[in-house]
Amino acid sequence: MNHPVLDHDVLVIGAGGAGLRAAIEASAQGANVGVVTKSLLGKAHTVMAEGGMAAALANTDDRDSWRVHFADTMRGGQYLNNWTMAEHHAKEAPARVRELEAWGAVFDRTKDGRILQRNFGGHRYPRLAHVGDRTGLEMIRTLQDHGVHQGLDVYMEHTIVALLVDSGRVAGAFGYDRERGRFKVFRSKAIVMATGGLGRAYRVTSNSWEYTGDGYALAYNAGAALQDLEFIQFHPTGMVWPPSVQGILVTEGVRGEGGVLLNKEGRRFMFDDIPDNYKSQTADNEEEGWRYTQGDKNARRPPELLTRDHVARCINREVKAGRGSPHGGVFLDIAWIKKKLPNSAEHIKRKLPSMYHQFKQLADLDITTTPMEIGPTTHYTMGGIRVDGDTQMSTLPGLFAAGEAAAGLHGANRLGGNSLSDLVVFGKRAGEHAAAFAKQHGAAKIDDAQVAAAETQALAPFDRGTTGENPYAIQHDLQAMMQDLVGIVRQESEMKQALEKLQGLRARARNVGIGGNREYNNGWHTAIDLPNLLTVSEAIARAAVERKESRGAHFREDYPDKSNEYATFNFVIQKAADGSMQLSRVPIPPMPDELKQVIEENK
Ligand SMILES: Cc1cc2nc3c(=O)[nH]c(=O)nc-3n(C[C@H](O)[C@H](O)[C@H](O)COP(=O)(O)OP(=O)(O)OC[C@H]3O[C@@H](n4cnc5c(N)ncnc54)[C@H](O)[C@@H]3O)c2cc1C
């Protein structure tokens, strides 16, 4: 083997919020830490997060507490959540927000100088600490500043293509530098997978180019278990027009600030369908909904702020019934608040600056005067690498996971704002436990044969050259297929068709070819990402076929109701010895009485 070998106690794959927080913590525990990222430092997907991070600081409403946050998260996840994680998350998020503040994050303020919190779907009280609608940018900037002063080694524009294992534990990773196309071996005692999600498996998505499901596939190929992949969140409000920007997110913050959803008849259709388990918490008239968004503690939230899965399906229903907007969505109107607030245009620009610019620049539309056209967009992966709720270690010893790469916290549906807090709560935990694992276990051996096999596979598209299959064409066909057959509304026959089509796409992917050389070759990068996208797509489709009910983000036209039979286990996916994908039902451990009581008291 003639590749450079780089040694670290802990290797963090991913430089988003989860990866950076893990790296900071591992480093604080005395570990020598390397961070690998496909993009430049500061450009990870987290930078796109808009609305805020959920934490029961109780600054804006003193009735909030970790107990209400825990109950909201469990209800939103339809009780498939890993309740240990939900408890840690609700209890520790406030400390992680204050820590960011101490490290320099400049959150928006209440009049008396505390961190301001805003309303978001599914959260009973205003809970999202935010920086306008650029919260992710501030989080990344803060973590990056703090992290680089701790002496992390950062490998920017590097892609990991395989994990290396030794006697049933992680030994390192193999990757390449995207600019020059040269390979590197990372030898490390523990690894934190913080690679984010997989939205690029779908045609319409809010996710960045980095989201090709690499972390899930890397972990799966190395023997770790995945969980809950059927739960893909379709965010209700993505741009639908013009086509070049379809899928780009419109933050839930718009609805939190009073934005309403209208069909082409101008009717607020969200009032038509309020789920029973949210009825007691939801306004039954427009006036009450408006008062809620303006901080009236005696008002209940408007139905636009119900959970994302429900809002997305209601929009889908309006469009299907022919009551949609001209370009296949519905209207999201914040301009109407001019009837309520003087200087509404200035208010909107101050509260939602990125949204104002996004629509002005990309759609030539002024949101202070005109309703936006929006529709559902693939947004978030609730499932992912199965982890221990306390340590974040996966089922493969030495491999940890945090952030969107990990499963458990969100169950069947994530509440908005619960991801940014997830990143820092579990990033910290993963970093701490990875450093402890590295200390206890020392280095594992790198197997040259594994490195050689990964290298051969990575270079194979060059051997076939331009006579092979075009990677972009396969990716395009995969995205269209997943969008049509395993999308927001699902049914058995279509998903079975998807599984068949996946076999065909896999066969084509085995024959993928590219021209040119290894220096910044985007075709090559796409060819390398393809098997990951195919693996995660298969995992989604297999789990979705098996879950014969509708729950959270998973909606089956052929099984439209929730079923008790599916309420007590998670679907876990592993690679069998013969290379096939195996699905099993793993029971959720019984919840302690104390937590049951917390849920009961917040019903
Ligand atoms: C537009 C938008 C707005 C959002 N707004 C909010 C919000 O307001 N509040 C909220 O809570 N959530 C929000 N979310 C969700 C949230 O932003 C993400 O879930 C979260 O940022 C994911 O962070 P992460 O650290 O897990 O991963 P990321 O920030 O995505 O980082 C992943 C990292 O892994 C790297 N990587 C991936 N594969 C490889 C590989 N093979 N080799 C090397 N490196 C690799 C990437 O380069 C990147 O550095 C939003 C999402 C979107 C798309």
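Everything here concerns the structure above.
Bear in mind the structure is a predicted one, so any value in this text is a computation, not a measurement.

> When you look at the overall build of the chain in this model, what are you seeing that I'm missing?
Secondary structure assignment for the chain yields 16 helices and 18 strands. Here the C-alpha atoms of the chain give a radius of gyration of 23 Å, agreeing with the 25 Å that 2.2 N^0.38 yields for 603 residues. Along the longest, intermediate and shortest principal axes, the C-alpha atoms of the chain span 70 × 50 × 50 Å. Taken across its 603 residues, the chain has 64% of its residues classed as buried. In the chain, which carries 71 positive and 74 negative side-chain charges, the distance between the mean positions of the two groups comes to 1 Å.

> Quick question: what am I supposed to make of the side chain of Ser325 here?
As for its placement among the helices and strands, Ser325 is situated in the loop between helix 8 (308–320) and strand 13 (330–333). Here Ser325 falls in the buried class, since its relative accessible area comes to 7%. The residues contacting Ser325, other than those within four sequence positions of it, are Val330, Phe331 and Glu373.

> Where do I start with the pairing of strand 18 (residues 581–587) in this structure?
Regular strands have side chains that alternate between both faces of the sheet. Here strand 17 (residues 569–575) runs beside strand 18; their pairing, made up of seven bridges, is antiparallel. Bridge assignment links Gln574 to a residue of strand 18, and that residue is Gln582. Counting the residues between successive antiparallel strands, the hairpin from strand 17 to strand 18 contains five residues, one of them, Gly579, with a positive phi of roughly 90°.

> Mind showing me how you'd approach the pattern of salt bridges here?
Side chains carrying opposite charge are able to pair once their charged atoms draw close together. The final tally for this structure, using the stated rule, is 54 salt bridges. Here Asp62 makes a salt bridge to Lys297, at a shortest N to O gap of 3.9 Å. Of this pair, Asp62 sits in the loop between strand 3 (53–54) and helix 2 (66–76) while Lys297 sits in the loop between helix 7 (286–293) and helix 8, placing them 235 residues apart in sequence. Assessed through its relative accessible area of 60%, Asp62 is described here as exposed. As a salt-bridge pair, Glu432 and Lys428 come within 3.8 Å of each other at their nearest N and O atoms.

> Just checking my understanding: could you explain the site of the ligand for this structure?
If you check the shell around the ligand, you find 40 residues, and the closest are Thr46, Gly51, Glu210, Tyr211 and Glu404. A distance of 2.9 Å is found between an oxygen atom of the ligand and a backbone nitrogen or oxygen belonging to Ala15. Within the backbone of Glu50, one N or O atom sits 3.1 Å away from a nitrogen atom of the ligand. Burial of the ligand by the surrounding chains reaches 99%, relative to a free accessible area of 1000 Å². When residues of the shell around the ligand are traced back to their parent elements, those giving at least two are helix 1 (17–28), strand 7 (158–166), strand 14 (372–381) and helix 11 (418–441). For the shell around the ligand, the leading source of residues is helix 11, giving four residues. Class assignment of the residues belonging to the shell around the ligand gives a composition of 14 nonpolar, 20 polar and six charged.

Reading the values: rules and limits
Residues numbered from 1 in each chain as written. Predicted model: local features only at pLDDT ≥ 70, side-chain atom pairs only at ≥ 80, totals over all residues. Heavy atoms only, no water. Helix = DSSP H or I, 4+ residues; strand = E, 2+ residues; numbered from the N terminus. Rg over C-alpha atoms; globule rule 2.2 N^0.38 Å. Buried < 20%, exposed > 50% of the residue type's maximum accessible area, 1.4 Å probe, protein only. Lys, Arg positive; Asp, Glu negative; His and termini not counted. Charge placed at Lys NZ, Arg CZ, Asp CG, Glu CD. Contact = heavy atoms within 4.5 Å. Pairing = 2+ DSSP bridges. Salt bridge = Lys/Arg side-chain N within 4 Å of Asp/Glu carboxyl O. Near = heavy atom within 4 Å. Polar contact = N/O pair within 3.5 Å; in protein donor to acceptor, adjacent residues only side chain to side chain. Areas by Shrake-Rupley, 256 points an atom, 1.4 Å probe, with all protein chains shown as cover. Nonpolar A, V, L, I, M, F, W, Y, C, P; charged D, E, K, R; others polar.

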